[in-house]
Amino acid sequence: MSYIRKVPNTWWLQRKPYFLFIVRELTSVAVAGYCGFLLYLMYALSKGPVAYSDAIGLITHPASYTLHMIGLLLVLYHTITWFNVTPKVLVFHLGEEKVPAVIIAGAHYAGWLATSALVAWLLLGTGTSV
Amino acid sequence: MVAALFLPILMVITGFVVPNGFAPLDTLSYERVHSAISGSNIVKLVLFGVIALPFFHWAHRFKFTLVDIGLRKISLLLSVLCYGGAISATVVTAIILWQI
């Protein structure tokens, strides 16, 4: 029988990397929260113009700015820490050398930029016509 | 991945761009949004992915965070609640989008 050290439930408060790890994992709550908001908007949309106007009007509520700001910081933290980990997960070899981390992570950031530009163009620009 | 790629720009749009008037006022109006979604199954499919998939991202990370904080003994219950919640949210999303 090997000895298993008891780990206190406050282990994550004992070192900064542990703390930041838990913060990163908890960003998933902000993700779920925002998707819940989007789902609520879709629900209101299915109920007609009046219901939808009320729902979308929420984004002008003062609390909306704060919630969006906090959520955005958390979601950005998720995106950046996630993309920075991808070189550890996607290990490609070209002969003897590994593809540099900057290329792997950079490809994800480039994809992020392209996706964001596309979404912004579709929603804000002339991408969709009524 | 869906959450990482799509959520930041969406949050910038609904949190800052539209409410502060950096885009035309009717950007997220009923007419514009409804006609864009109801008229296209592709749009509905993309929206379904953007809304439903991140719930699984949350379910997985949140459940294991709770386990790591010390709730390992009720790990099975947490799995049921978290993944069950994500599955329910997915079903609800599909039903709602179907009705638009």
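Quick look at the overall build of chain A
Each helix and strand counted, chain A has 4 helices and 2 strands in total. Each helix (α) and strand (β) of chain A, taken in turn from the N terminus, gives the series α-α-α-β-β-α. Taken against the 2.2 N^0.38 rule, which gives 14 Å for 130 residues, the C-alpha radius of gyration of chain A at 21 Å runs more than 25% over that of a compact globule. For chain A, the C-alpha atoms occupy an extent of roughly 65 × 45 × 25 Å along the three principal directions. Long-range contacts, defined here as pairs at least 24 residues apart, represent 37% of the contacts in chain A between residues at least 6 apart.

Considering the overall build of chain B
Per the secondary structure count, chain B includes 4 helices and 0 strands. Along the chain direction, N to C, the helices and strands of chain B fall in the order α-α-α-α. Against the compact-globule benchmark of 13 Å for 100 residues, chain B has a radius of gyration of 17 Å, which places it well outside the compact range. Dimensions of chain B, computed from the C-alpha atoms along their principal axes, are close to 50 × 30 × 20 Å. Once local pairs closer than 6 in sequence are excluded, the contacts in chain B between residues at least 24 apart make up 60%.

What to know about the interface of chain B and chain A
Taken together, the contact between chain B and chain A spans 44 residues of the former and 44 residues of the latter. Those elements that provide at least two residues to the side of chain B that touches chain A are helix H1 (2-17), helix H2 (30-38), helix H3 (41-71) and helix H4 (75-98) of chain B. When residues of the side of chain B that touches chain A are assigned to their parent elements, the largest contribution, 15 residues, is made by H1 of chain B. Grouping the amino acids of the side of chain B that touches chain A by side-chain chemistry returns 31 nonpolar, 10 polar and 3 charged.

Describing the packing of helix H3 (residues 62-89) of chain A against helix H4 (residues 101-124) of chain A
Residue and element names in this part refer to chain A. Running from N to C, H3 and H4 cross one another at 140 degrees; their axes reach a closest spacing of 7 Å. The angle between the axes of H3 and H4 places the two elements in the oblique class. Remark: the crossing between H3 and H4 carries right-handed chirality. Here Thr 79, Phe 83, Asn 84, Thr 86 and Pro 87 of H3 come into contact with H4, specifically with Ala 101, Ile 104, Ala 105, His 108, Tyr 109 and Trp 112. Residue composition of the contact of H3 with H4, grouped by class: 7 nonpolar, 4 polar and no charged.

Notes on the nonpolar core
Ranked by internal contacts, the top residues of the largest apolar core, which has 43 residues, are Val 31 of chain A together with Leu 7 and Phe 55 of chain B. Taken together, the elements giving at least two residues each to this core come down to helix H1 (16-46), helix H2 (49-57), H3 and H4 of chain A together with H1, H3 and H4 of chain B. For this core, the element with the most residues is H1 of chain A, which contributes 10 residues. With residues up to four places along the chain from it excluded, the contact list for Phe 55 of chain B reads Ala 32 and Cys 35 of chain A together with Ala 86, Ala 89 and Thr 90 of chain B.

Examining the confidence of the model for chain B
Residue and element names in this part refer to chain B. On average, residues of chain B score 94 in pLDDT, and 100% of them reach the 70 mark or higher. Averaged pLDDT values over the elements of chain B bottom out at 91 in H2 and peak at 96 in H4. Our summary of model confidence lists the complex with pTM equal to 0.91 and ipTM equal to 0.94.

So, how was this worked out
Residues numbered from 1 in each chain as written. Chains lettered and ligands numbered in written order. Predicted model: local features only at pLDDT ≥ 70, side-chain atom pairs only at ≥ 80, totals over all residues. Helix = DSSP H or I, 4+ residues; strand = E, 2+ residues; numbered from the N terminus. Rg over C-alpha atoms; globule rule 2.2 N^0.38 Å. Contact = placed C-beta atoms within 7 Å. Nonpolar A, V, L, I, M, F, W, Y, C, P; charged D, E, K, R; others polar. Axes fitted to C-alpha atoms, helices over the stretch in contact; angles between N-to-C directions. Parallel < 35°, antiparallel > 145°, perpendicular 65-115°, else oblique. Left-handed = near helix turned anticlockwise from the far one by under 90°. Core = buried A, V, L, I, M, F, W, Y, C linked by C-beta atoms within 7 Å. Buried ≥ 20, exposed ≤ 12 C-beta atoms within 10 Å, placed from the backbone. pLDDT = per-residue confidence, 0-100.

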